[in-house]
Amino acid sequence: MGESIVTLSKIGMVFGGSSGSQTVALQDIDLRIAPGEFISLIGPSGCGKSTLLRVVGDLLTPTSGQVQVNGKSTHQARLDQDYGMVFQAPVLFEWRTILKNVMLPLELRGVPQNQQRERARELLNMVELTGFENHYPWQLSGGMQQRASIARALAIQPKLLLMDEPFGALDEMTRERMNMELLNIWRQTQTTVIFVTHSIAEAVFLSTRIVVMSARPGRILHITDVDLPQPRGEQSRAETRYFEIENAVREWLRKA
Amino acid sequence: MNQIRQNLPAIILFVAGLLLWELLVVLLDIQRFLLPAPSVIWQAFTSNLDRLLHIGWFTTKEALGGFAIGCGAGILVALATARWTLANETLMPFAIAANSVPIIAFAPILNNWFGVDNPLSKMMIVAVIVFFPMMINTVRGLTLVDPTIIELMRSYAASDFAILRKVRLPNALPYMFNAFKVAATLSMIGAVVSEYFGGNRSALGVFITQEAAQFRFQNSWAAIIVACVVGLTFFLVILVVERLSIPWHSSIRNRAGQ
Ligand SMILES: Nc1ncnc2c1ncn2[C@@H]1O[C@H](COP(=O)(O)OP(=O)(O)O)[C@@H](O)[C@H]1O
Ligand SMILES: [Mg+2]
């Protein structure tokens, strides 16, 4: 592999001070991610997926190992606002309208007001929320709120989009539609995505590679290349290769 | 129109209550010094209107002054407290304890410190009374923030000041309005009751006690009504400001959401 946007080498993460109550959340994580990739992290609950995402996003400092993002330290990458984050909950600010919520990262970057507005409108259009600019979050359904939070994450054109089970709280139908939309967004923006999920189907449909993690201590068990042709669409879910990969990942998860 | 229809039961209850009061006083021949009839109180009210307005305004100013000082100090201390974890951990238990102490009992002491006739002594009592609920609620609002929101802000490399301005303060607003409502009620009570311990001749509380001492209970009642109206108005003003300031908050959208 040539250039990489994320390089993790020998990452370890141990929580808790005294040796008795220590949790080894991550151990020996080595991973290189190329620009434009869509990487899914999948594994049993509590295996350290969220922890790994937070380490990459500089919200946690690993207890051992090195992380580089764009050839910089994760700290510098965060200061340069290279990250967009989406969590399982939409975490919209209830005191801001949808438009204002999407404007937040632009505001923090010091973009002029009228440009903030313009850009936020564009993004809301991309996630099909035109007409809801002046609504408050509580006036939107769960799926719509999550689309707004994705729009917010994309506002500053992040080099790296970190998503922690973003569709975990949505029903199956909404989730599949959101998968399709995310795929389109990923294609349009060509951003690199690290995506945590519990759903094998979702991982296969979206990813270029799937990282299967083992139960505690979280280690990389296997990395599956998803060689389904791009651009993908609803038809991809019917391909034989799709089922083959899905089964392969399921096999690996059993070993986790 | 809708508003009237919604509040109709309350209005009917109020009027019925007044009528019943009047009727009982007349029928049971209750002595005036025990309980004057509403009509008698009304008469006392209209014939003393100028004086009542004057003393009412005097005490209202004390309540407002104390409210402003106490709430202002409460918010400032809360900002400092929420900023420094150590201060938060050491101060909050004291504040919560102080909040359950009958601060009004200190009224004679503060009268002594600032001078009985000086309205400042009453303002300070009110200020001390409203300080604690204001501070405690503001600290809660500033610190009880969804941790994921803080993570989100940190992922954008937001400064502590940006987090304060864009997250902690808006998050604290509903808590602060609750405190303002409590403080509005407490400030009028505090001002009037502290005047019972002595004060300026043109104060509402002093008037109430003096008229009662001279068996003109209907005048005391009229002054009490003034205190009630002021207290209620103060509360309602805060309610309106709250509605306008945080229309997004669940407590308000539920009330407005029909
Ligand atoms: N801040 C923390 N302090 C202590 N332990 C933690 C902390 N965050 C996560 N852990 C532990 O680390 C392990 C991995 O957690 P997490 O990364 O959230 O798992 P996942 O997202 O895969 O479900 C869990 O055992 C969890 O209890
Ligand atoms: Mg998780």
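Everything that follows concerns the structure shown earlier in this document.
What counts and how
Residues numbered from 1 in each chain as written. Chains lettered and ligands numbered in written order. Predicted model: local features only at pLDDT ≥ 70, side-chain atom pairs only at ≥ 80, totals over all residues. Heavy atoms only, no water. Near = heavy atom within 4 Å. Polar contact = N/O pair within 3.5 Å; in protein donor to acceptor, adjacent residues only side chain to side chain. Areas by Shrake-Rupley, 256 points an atom, 1.4 Å probe, with all protein chains shown as cover. Helix = DSSP H or I, 4+ residues; strand = E, 2+ residues; numbered from the N terminus. Nonpolar A, V, L, I, M, F, W, Y, C, P; charged D, E, K, R; others polar. Buried < 20%, exposed > 50% of the residue type's maximum accessible area, 1.4 Å probe, protein only. Contact = heavy atoms within 4.5 Å. Pairing = 2+ DSSP bridges. Salt bridge = Lys/Arg side-chain N within 4 Å of Asp/Glu carboxyl O.

Q: So, the site of ligand 1: which residues are in play, and what are the values?
A: Residue and element names in this part refer to chain A. Lining the immediate surroundings of ligand 1 are Phe-15, Thr-23, Ala-25, Ser-45, Gly-46, Cys-47, Gly-48, Lys-49, Ser-50, Thr-51 and Arg-216. Between ligand 1 and Gly-48, the relevant distance is 3.0 Å, taken from an oxygen atom to a main-chain nitrogen or oxygen of the residue. Thr-51 places a side-chain nitrogen or oxygen 2.5 Å from an oxygen atom of ligand 1. About the coverage of ligand 1: the protein hides 60% of its 560 Å² of free accessible area. Broken down by secondary-structure element, the contributors of at least two residues to the shell around ligand 1 are strand E2 (23–33) and helix H1 (49–56). Take the shell around ligand 1: its biggest share by element is 3 residues, from H1. Counted by class, the shell around ligand 1 contains 3 nonpolar, 6 polar and 2 charged residues.

Q: Hey, could you go over the environment of Val-206 of chain B for me, with residue numbers and the actual values?
A: All names here are of chain B. Mapped onto the fold, Val-206 is located in helix H9 (residues 204–213). Relative accessible area serves as the criterion here: at 6%, Val-206 is assigned to the buried category. Beyond its immediate stretch of four places on either side in the chain, Val-206 contacts Glu-195, Gly-198, Gly-199, Asn-200 and Arg-201.

Q: Explain the pairing of strand E9 (residues 220–225) of chain A to me, using residue names and the numbers behind them.
A: In the sheet, strand E8 (residues 209–213) of chain A pairs with E9 of chain A via 5 bridges, with the strands oriented antiparallel. Along E9 of chain A, the bridge assignment pairs Arg-209 of chain A with Asp-225 of chain A.

Q: Can you tell me about the interface of chain B and chain A, naming the residues and giving the values?
A: Taken together, the contact between chain B and chain A spans 20 residues of the former and 23 residues of the latter. Our enumeration of links across chain B and chain A arrives at 2 salt bridges. Across the pair Glu-151 of chain B and Arg-54 of chain A runs a salt bridge, and its minimum N-O distance is 2.7 Å. Joining chain B to chain A, the criterion identifies 6 residue pairs in polar contact (both at pLDDT 80 or more). Elements represented by at least two residues in the side of chain B that touches chain A include exactly helix H7 (147–155) and helix H8 (160–196) of chain B. In terms of residue count, H7 of chain B provides more of the side of chain B that touches chain A than any other element does, 7 residues in total.

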